[in-house]
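These are the residues of each chain, in order.
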Amino acid sequence: MGTYVITGGASGIGKAIAEQLQSEGHQTLSVDIQDADIVADLASPEGRNAAVAAIMQATDAGLQGLVTSAGVGSHVSNNALITNVNYFGSVELIQKLEDHLAAHNASVLLVSSNSAPMETNPEFVQSLLQGDAERACALAEQMQGHPVYSGTKQAVTLWMRRNAAAFAGKGIRINAIGPGYTRTPLSAAVEDNPDYGEAIKQFIASIPVGRPGTPEDMADAASFLLGDRATFICGAMLFVDGGHDAMMRPDSF
Ligand code: NAI
């Protein structure tokens, strides 16, 4: 039994992952902008630094794993916020915790999306991977919300793939899940948004297994990837999306 840190643990997928891990006997620490064990704004460098310091102090005795689920949806009108929370709130947090994660042989799970392969601006993705927040936010301001969202998720996934081998060499196993449409407060807000509502209804109706995902679907996959039954799984992006990615990109894997 160990301690897991879950960003975005106050709601939706992050909350369900925390509850699943607790039901297996683990301790969890949530990091969120509200209602959390560690309250921090992961959109800003200062907030991330504060979160890192608090996580290190709280998990000095042991850290089994880190899940980065904090995120905002494409309906949010502030594209810089989508950029900062969804990419830097995950990747920079992991980078700053790297030595601590290595010291505890922890595993990491990034919550990406099945939007990750969707249309975006490659220059935006490149600037994220270069850690250039200023350039990324400037490019995001010229883009629509969904390509910003999918670009952050593409960059999170590429970052995971590019760093999986080096992290494994330090004893840290990193993987990602790509949730499909999942009923949470975030997806409800996207569905309520007039810019997205109708398209989302058609998107949901086209999910091959015939239903949207639940936070518990994501929690089951997360618990498996984080735990002892998955010690040979490293650098994987697992789509948990009822077959949607396979339907949209049948020849890619
Ligand atoms: P949610 O809105 O229920 O949970 C997101 C959590 O992130 C909230 O507790 C929120 O307070 C926290 N958060 C937002 N901004 C923050 C900040 N600046 N600092 C700290 N915490 C912050 O949303 P949901 O659906 O559970 O999303 C979790 C992750 O799953 C996100 O990364 C999202 O992009 C991803 N995802 C969700 C899908 C869905 O259909 N719900 C589909 C694919 C990916």
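Computed from a prediction, not measured in an experiment: that's the story for all the values here.

Undergrad: Describe the environment of Ala219, and please don't skip the residues or the numbers.
TA: Turning to its location among the elements, Ala219 is positioned in helix α10 (residues 215–226). Residues Ala219 and Ala199, spaced 20 residues apart in sequence, show a C-alpha to C-alpha distance of 26 Å.

Undergrad: I'd love a proper account of the packing of helix α1 (residues 12–23) against α10, names of residues and values included.
TA: Each packed pair of helices is defined by two parameters, the angle between the axes and the distance between the axes. Between α1 and α10, the shortest axis-to-axis distance is 8 Å and the interhelical angle comes to 55°. One element, α1, and the other, α10, form an angle in the oblique class. When you trace α1 past α10, the crossing you get is right-handed. Judged by residue contacts, Gly12, Ile13, Lys15, Ala16, Ile17, Glu19, Gln20 and Leu21 of α1 engage Pro215, Glu216, Met218, Ala219, Asp220, Ala222 and Ser223 from α10. Here the residues of the contact of α1 with α10 sort into eight nonpolar, three polar and four charged.

Undergrad: Give a description of the packing of helix α3 (residues 79–96) against helix α7 (residues 145–169) that names residues and reports values.
TA: Relative orientation of the contacting elements α3 and α7 amounts to 10°, with a least axis distance of 9 Å. On the basis of the axis angle, α3 is roughly parallel to α7. When you trace α3 past α7, the crossing you get is right-handed. Where α3 abuts α7, its residues Asn79, Ile82, Thr83, Asn86, Tyr87, Ser90 and Val91 lie against Gly145, Val148, Tyr149, Thr152, Lys153, Ala155, Val156 and Trp159. Of the residues that constitute the contact of α3 with α7, the class distribution is eight nonpolar, six polar and one charged.

Undergrad: Describe the site of the ligand, and please don't skip the residues or the numbers.
TA: Neighbouring the ligand are 26 residues; Gly8, Gly12, Gly71, Thr184 and Leu186 lie closest to it. Sorting the residues of the shell around the ligand by element identifies α1 and α8 (185–192) as the ones contributing at least two each.

About the thresholds
Residues numbered from 1 in each chain as written. Predicted model: local features only at pLDDT ≥ 70, side-chain atom pairs only at ≥ 80, totals over all residues. Helix = DSSP H or I, 4+ residues; strand = E, 2+ residues; numbered from the N terminus. Axes fitted to C-alpha atoms, helices over the stretch in contact; angles between N-to-C directions. Parallel < 35°, antiparallel > 145°, perpendicular 65-115°, else oblique. Left-handed = near helix turned anticlockwise from the far one by under 90°. Contact = placed C-beta atoms within 7 Å. Nonpolar A, V, L, I, M, F, W, Y, C, P; charged D, E, K, R; others polar. Near = placed C-beta within 6 Å.

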